Amino acid sequence: CSRAVADQGAGVAMRVVIAWISLCAGAFLRTREDMDNHECKVTCHEFGMGILAAKNPAFAGIDDPTECCNVCDKEYPAK
């Protein structure tokens, strides 16, 4: 019984890691030079602030999606 629980836990952990990698990859792909306001905000809501900060120092130190979206409005104004 304990082996089945351990195997089940490992499977859950693997799915979490895969989901996290997918989110990070998606955020990274959106950090291209022609990013717009909407793509910036999507990246914020996926907690991709570190990726945004690597491309634009205005996002450095931000860890809140709402604050991040406010910076998106300043850095990538809606057209």
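Quick note: structure is the one above.
As a starting point, this report considers the structure included with it. Computed from a predicted structure; not experimentally measured.

What follows concerns helix α2 (residues 37-45). Residues of α2 that are buried include every one of N37, E39, C40, T43 and C44, and no others. Projected down its long axis, α2 carries its buried residues within an arc of 165°, all on one side. Turned more than 90 degrees off the buried face of α2, the exposed positions are H38 and H45. Near the N-terminus of α2, the side chain that reaches the backbone nitrogen of H38, with its oxygen 3.3 Å away, is that of D36. F47 sits one or two positions beyond α2 and adopts a positive phi of about 55°.

Below, the discussion takes up the nonpolar core. Counting residues in hydrophobic clusters, the biggest one holds 12 residues: M35, C40, C44, M49, L52, F59, I62, C68, C69, V71, C72 and Y76. It is helix α4 (residues 65-75) that contributes the most residues to this core, four residues altogether. In contact with C44, other than residues within four places in its own chain, are M49, L52, P65, C68, C69 and C72.

Another point: the state of the cysteines. Chemically, a disulfide is nothing more than a covalent bond linking the sulfur atoms of two cysteines. Per the counting criterion, the structure on display carries two disulfides. What pairs with C40 in a disulfide is C72, and their sulfur atoms sit 1.9 Å apart. The sign of the S-S torsion, about -75°, decides the handedness of the disulfide formed by C40 and C72: left-handed. Here C40 is found in helix α2, whereas its partner C72 is found in helix α4, with 32 residues between them in sequence. Take C72: its relative accessible area is 0%, and that puts it in the buried class. A sulfur-sulfur separation of 1.9 Å characterises the disulfide bridge that pairs C44 with C68. Linking C44 and C68, the disulfide has an S-S dihedral of approximately -65° and is accordingly described as left-handed. With C44 in helix α2 and C68 in helix α4, the pair connects residues that are 24 residues apart, well separated along the chain.

Conventions adopted
- Residues numbered from 1 in each chain as written.
- Predicted model: local features only at pLDDT ≥ 70, side-chain atom pairs only at ≥ 80, totals over all residues.
- Heavy atoms only, no water.
- Buried < 20%, exposed > 50% of the residue type's maximum accessible area, 1.4 Å probe, protein only.
- Helix = DSSP H or I, 4+ residues; strand = E, 2+ residues; numbered from the N terminus.
- Arc of directions from axis to C-beta.
- Polar contact = N/O pair within 3.5 Å; in protein donor to acceptor, adjacent residues only side chain to side chain.
- Core = buried A, V, L, I, M, F, W, Y, C linked by side-chain atoms within 4.5 Å.
- Contact = heavy atoms within 4.5 Å.
- Disulfide = S-S within 2.5 Å.

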